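Read off the chains here:
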Amino acid sequence: MQFPRTGTAAILPVLPIVLLTALVACQPAKIRAQGVDAQSVERAIDQAIRFQLSGQRPDGGWPEYNQQYPRGVSCLVALSLLTAGLDPDHPNMQRALRYVDGEELERTYTVALQTMVYCAANPNRYAAQIRRNTVWLMKAQVETGAWTYGRGWGGGGDPSNTQFALLALHEAQRSGVVDLPQEEWLRVFERAARYWNRKQNRDGSFSYDDGKDPSGSMTCAGIASLVILGEHLDALQARGGDIIQCCGNEFQDNDRIEAGLAWLARNFDVRSNPGMPSYHLYYMYALERVGRLTGNRYIGRHDWYREGAEYLVRLQNKTVGKIVTRNAFQGNEYSETAFALLFLAKGKRQTLISRGQYASADPGDWNRHPMAIQHLTAHTERAWKRDLSWQNVDLASVTTAELLETPVLFLSGTRTPRLSNREKQLLKEYVEQGGFIFAEGANGDGCDGRQFEDYFRQLVLELFESPLEKLPPEHPIWFAEARVRPADLPPGAWLYGVQTCCRLGVVYVPYSLSCRWELHLPYGKPPAYSPEVRSQLETATKIGINVLAYATGKDLKEKLDTVTVLEEVRDLTPTDRNVFFLPVLRHNAGYDDAPRATTNLIEWMHKENPFRLSSQKRYVEITTEDLARYPIVFMHGRGELRLTEQQREVLRDYLKNGGFIFADSICADPAFTASFRREMQLVLGRPLEPLDPQHPMLTPDYYGFDVRRVSIIDPDAAGENIVAAKRVVAPQLEVGQVEGRLAVVFSPLDISCALESRHSLQCRGYTREDAARLSINVLMFALQQ
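Being a predicted model, the structure only gives us computed values, none of them experimental.

Caption draft 1: Fine view of the overall build of the chain. Counting its regular elements, the chain contains 25 helices and 19 strands. Counting every position in the chain, which comprises 785 residues, the buried fraction comes to 60%. Sequence separation of at least 24 residues holds for 75% of the intrachain contacts in the chain that already meet a minimum separation of 6. Of the roughly 31100 Å² that the chain leaves accessible, carbon and sulfur atoms contribute 47%.

Here's what the structure looks like:
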């Protein structure tokens, strides 16, 4: 790189030889997940699908291991393939569905599996069959509340048959195609709840036979069944009317579920079925169900999906794709692989939102409406047409990296939270790293949430040095997914927010959305609410989905993808010598509108190439003395940029003497783009030109990345909602040259907001990862050209 020697400009410091050595020595250290990652799981799923299809018979079925259960394995395999994403219209799937539908079955296991296949394939097409099987299962329930192997089989039932019957009834109810009297559903579920309550051991576990040793598979069956029953009984017991009552009721008793989870945490294992030497992969399928239905990313301190996926990926036969244990279930490789496939495919659903648990005078205040987040997630699944998951997180034990596994954190309450200083710092770091806080104070409808509201408003001011402010109706939060108008909210209610970085980082609502989400059933027959109540429930759900769409841009990370956690880079030497800084030029057009952009860029760069850097935020004036200290400066803004003739002369000398300017338009602001181009033409004496898409700057030649193709977000807010298209294109960079040397690199697409926030639905620009990689390439090129 050239530096000024003498003349009107002061001498820029020579790039330290130690830094140059580090640049050459440090190949980019890519951030990799430890153990299993999303790509290896996808490969395992694809291989397992191919294995299952290879064993399909000409009639569409699969080899059965027990003729007492005709089509049982075929139903299980078909369910696993549908869950793994095989299209119902795929030729193999069409053959499988014809085979599954070829006989009215008469065993609990097979009727249940057949029902789940119908629901997964096309509930409307198979509505008559789903209704027939639902009636069959209801009639097959015995007096104990359990199910046996079939109608008229005799005995008091067992937990394995019972869990499959409940899974099928759960899916039938969710399908919305079974119109049976509410009293019949209520009777079946109440009897089943009494059965499971009796079956639970004092230590929280469940056993197949009373008085015998418990097992992981049966404990998972009991926990998942209690969750399903609690959900449906709450919905069936909800009453209609024209009044919403959000507080004053007793909390749902989750003691039995918590006791079961505690036993599972103490005995957790993915290498075997705890307490039983057999039924290993059957247990894994049940374990996935527990983790997903209870919203737990961790069981105890075990990341159940990551550990289970890593085990199954290692277990898989990479040659043929099957996943079987040494003692395969009944010797059938297809049912074994089906259980493994169900674990891998269902458990990997992208996490949409987490509910934060915190301490307060009322231990249950954080979770006053237990089904709310699950219902909101289900409504979002329908709106976005994809499977999603939710989870609970304990702020007292979670780390920043763990919290960033979810893009949105939901906080709710009526009482004053008791957050420690560590928990406060956690929330601050979470938002600064791209997370989003969605909070509500439960005011009205029988609730008094003034304590929570007062605390939360003060907390926001403390953490982000800005108060909550009313969001105008034209803000995208009101229409990111579906248009909501302030008049649609209860009297006096509004949406409030705090701008952190280039977007909202916090949204607050001063009334209980979660109460309304819980009442707004995403499936089944709703209670007879009045039109006014129905309207409130629908509006609350629209607000929830709008916030989720705004916060995520509908772009969610895969469950096993690692999250880049940026940390401050400090150089502890007493001087700036041999330390690289990236200062920001002061000017009139929003030079500080994205205050963490360069800080995050340097922190990201340090992760990839850990030479001597400092992420300390520095602003410099456009003066000869200030610019002389830095070989590279950063410039961004929005609005019209206006430089004085003296500033233009200073920049002209700086660039002629070896300096380098890297710039972008914040949120692709058209006014800044046009004025920056104009000013650079005045400085350089010629207009900026498009960068060759094959230029070495965009390749790994300078120890960066191959960024010749990058992802950009292109939002369109012209309609009733925001449509954010993602496209893969060549980077759109413009450059200016001085005496044959690239001296200016400018991006008219947003880089700064992407560096600050993981998702910025309002900005036309690069995704966060590509913004960082592209910027690193520019800096590495500038330091070495």
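Caption draft 2: Geometry of the nonpolar core. In terms of nonpolar packing, the biggest core is built from 101 residues, with W147, L287, L312 and L344 touching the most fellow members. No other element matches helix 9 (residues 216-237), which puts 10 residues into this core. Grouped together as the second largest cluster of nonpolar side chains are 65 residues, W390, W494, Y496 and L504 included.

Caption draft 3: Quick peek at the pairing of strand 18 (residues 741-747). Judged by how many residues are buried, strand 18 sits mostly within the fold: seven of seven residues are covered. Strand direction decides the pairing type here: strand 17 (residues 734-738) and strand 18, joined by five bridges, are antiparallel. Looking at the pairing, Q737 lines up with L742 of strand 18. Counting the residues between successive antiparallel strands, the hairpin from strand 17 to strand 18 contains two residues, one of them, E739, with a positive phi of roughly 55 degrees.

Caption draft 4: The packing of helix 22 (residues 645-656) against helix 23 (residues 670-684), seen in detail. Relative to each other, helix 22 and helix 23 sit at 65 degrees, their axes nearing to 9 Å. For the pair helix 22 and helix 23, the crossing hand works out as right-handed. Side by side, helix 22 and helix 23 meet where R648, L651, R652 and L655 of the first sit next to E679, M680, L682, V683 and L684 of the second.

Caption draft 5: Spotlight on the pairing of strand 5 (residues 408-413). A large share of strand 5 lies buried, amounting to six of its six residues. Residues V408, F410 and S412 line one face of strand 5 and the alternating positions L409, L411 and G413 line the opposite face, and both faces are buried. Sheet topology note: the strand 3 (residues 350-357)/strand 5 ladder contains two bridges and is parallel. Looking across to strand 5, one finds that R355 is bridged to F410. When strand 5 meets strand 6 (residues 436-441), the two strands line up parallel, connected through six bridges. Bridge pairing in strand 6 links L411 to A439. With helix 16 (residues 421-432) bridging strand 5 and the parallel strand 6, this β-α-β connection has right-handed handedness.

Caption draft 6: A look at the confidence of the model for the chain. Scored by pLDDT, the chain has a mean of 88; 88% of the residues are at 70 or more. Here residues 1-33 scores under 50 on pLDDT; set against residues more than four positions off or in separate chains, the count is 77 contacts. In this model, residues 571-575 is a region of pLDDT below 50 whose contacts with residues beyond four sequence positions or in other chains number five contacts.

Caption draft 7: Representation of the packing of aromatic side chains within the structure. Summed over all chains, the structure comprises 30 aromatic pairs. Measuring from ring centre to ring centre gives 5.4 Å for Y109 and F164, while their planes differ by 80 degrees; the resulting arrangement is edge-to-face. Of this pair, Y109 sits in helix 5 (residues 108-121) while F164 sits in helix 7 (residues 159-175), and the two are 55 residues apart along the sequence. Note on Y109: relative accessible area 18%, which makes it buried. For the pair W196 and F206, a centre-to-centre distance of 5.7 Å together with 75 degrees between the ring planes defines the contact as edge-to-face. Here the residue W196 occupies a position in helix 8 (residues 182-199), and F206 occupies one in the loop between helix 8 and helix 9, the gap between them amounting to 10 residues.

Caption draft 8: Representation of the state of the cysteines within the structure. Enumeration over the complete set of coordinates arrives at two disulfides. With its sulfur 1.7 Å from that of its partner, C667 forms a disulfide with C763. Residue C667 is found in the loop between strand 13 (660-665) and helix 23, and its partner C763 is found in the loop between helix 24 (752-756) and strand 19 (765-766); the two are separated by 96 residues along the sequence. On the basis of relative accessible area, C763 is assigned to the buried category, the value being 3%.

Caption draft 9: Quick look at unusual backbone geometry. A positive phi angle, near 55 degrees, is found at D445, a position not held by glycine. For D445, the position within the fold is in the loop between strand 6 and helix 17 (450-464). One non-glycine residue, K554, adopts positive backbone phi at about 60 degrees. Its location among the elements puts K554 in the loop between helix 19 (531-552) and strand 10 (584-585). Given a relative accessible area of 31%, K554 falls into the partly exposed group.

Caption draft 10: Layout of the pattern of salt bridges. A full pass over the atoms with the stated rule returns 38 salt bridges. With a shortest N-O distance of 2.4 Å, R292 and E288 are connected by a salt bridge. Placement of both R292 and E288 in helix 11 (residues 280-293) is noted, with a separation of four residues, approximately one turn of the helix. E649 is the partner of R652 in a salt bridge, and the nearest nitrogen-oxygen pair spans 2.6 Å. With R652 and E649 both in helix 22 and three residues apart, the pair spans about one turn of that helix. Exposure remark for R652: the relative accessible area of 16% places this residue in the buried category. Overlapping salt bridges bring together E640, E645, R648, R678 and E679 as one network.

Caption draft 11: The packing of helix 6 (residues 127-140) against helix 7, seen in detail. Their axes nearest at 10 Å, the elements helix 6 and helix 7 cross at an angle of 140 degrees. With respect to their mutual orientation, helix 6 and helix 7 come out oblique. In this structure, helix 6 meets helix 7 at a crossing whose hand is left-handed. Across the interface between the two elements, I130, T134, L137 and M138 of helix 6 pack against A165, A168, L169, A172 and S175 of helix 7. Class assignment of the residues belonging to the contact of helix 6 with helix 7 gives a composition of seven nonpolar, two polar and no charged.

Caption draft 12: Representation of the environment of L582 within the structure. The topology assignment puts L582 in the loop between helix 19 and strand 10. Of the residues examined, L582 reaches a relative accessible area of 3% and is grouped as buried. Taking the C-alpha atoms as reference points, L582 and T598, separated by 16 residues in sequence, lie 6.9 Å from one another. Not counting residues up to four positions away in its chain, the partners in contact with L582 are T598, L601, I602, I632, V633, F634 and L779.

Caption draft 13: Highlighting the side chain of T673. Here T673 lies in helix 23. One polar contact links T673 to S665, side chain to side chain, over a distance of 2.6 Å. Sequence-distant contacts of T673, that is, excluding residues within four places in its chain, are made with S665, F746 and P748.

Caption draft 14: Just helix 14 (residues 372-384), in detail. Taking 1.5 Å of rise per residue, the 13 residues of helix 14 would be expected to cover 18 Å, and the 18 Å separating its terminal C-alpha atoms lies within 8% of that figure. The buried fraction of helix 14 is high, at 11 of 13 residues. The complete set of buried residues in helix 14 reads A372, I373, Q374, H375, L376, T377, A378, H379, T380, E381 and W384. Positioned one or two residues after helix 14, K385 has a phi angle of 60 degrees, which is positive.

Caption draft 15: Expanded view of the environment of A259. Tracing the backbone shows A259 in helix 10 (residues 255-266). By relative accessible area, A259 is classed as partly exposed at 26%. Put simply, A259 and G204 are 55 residues apart on the chain and 4.4 Å apart in space, counted from C-alpha to C-alpha.

Caption draft 16: Representation of the environment of V77. Structurally, V77 can be placed in helix 3 (residues 72-83). Taking the C-alpha atoms as reference, V77 lies 8.5 Å from F339; in sequence the two are 262 residues apart. Dropping the residues within four chain positions of it, V77 is found in contact with Q52, W62, Y334 and A338.

Analysis parameters
Residues numbered from 1 in each chain as written. Predicted model: local features only at pLDDT ≥ 70, side-chain atom pairs only at ≥ 80, totals over all residues. Heavy atoms only, no water. Helix = DSSP H or I, 4+ residues; strand = E, 2+ residues; numbered from the N terminus. Buried < 20%, exposed > 50% of the residue type's maximum accessible area, 1.4 Å probe, protein only. Contact = heavy atoms within 4.5 Å. Areas by Shrake-Rupley, 256 points an atom, 1.4 Å probe, with all protein chains shown as cover. Core = buried A, V, L, I, M, F, W, Y, C linked by side-chain atoms within 4.5 Å. Pairing = 2+ DSSP bridges. Axes fitted to C-alpha atoms, helices over the stretch in contact; angles between N-to-C directions. Left-handed = near helix turned anticlockwise from the far one by under 90°. Right-handed = clockwise from strand over helix to strand, strands pointing away. pLDDT = per-residue confidence, 0-100. Phe/Tyr/Trp six-rings, centres within 6.5 Å; stacked < 30°, edge-to-face > 60°. Disulfide = S-S within 2.5 Å. Salt bridge = Lys/Arg side-chain N within 4 Å of Asp/Glu carboxyl O. Parallel < 35°, antiparallel > 145°, perpendicular 65-115°, else oblique. Nonpolar A, V, L, I, M, F, W, Y, C, P; charged D, E, K, R; others polar. Polar contact = N/O pair within 3.5 Å; in protein donor to acceptor, adjacent residues only side chain to side chain. Expected span 1.5 Å × (residues − 1).

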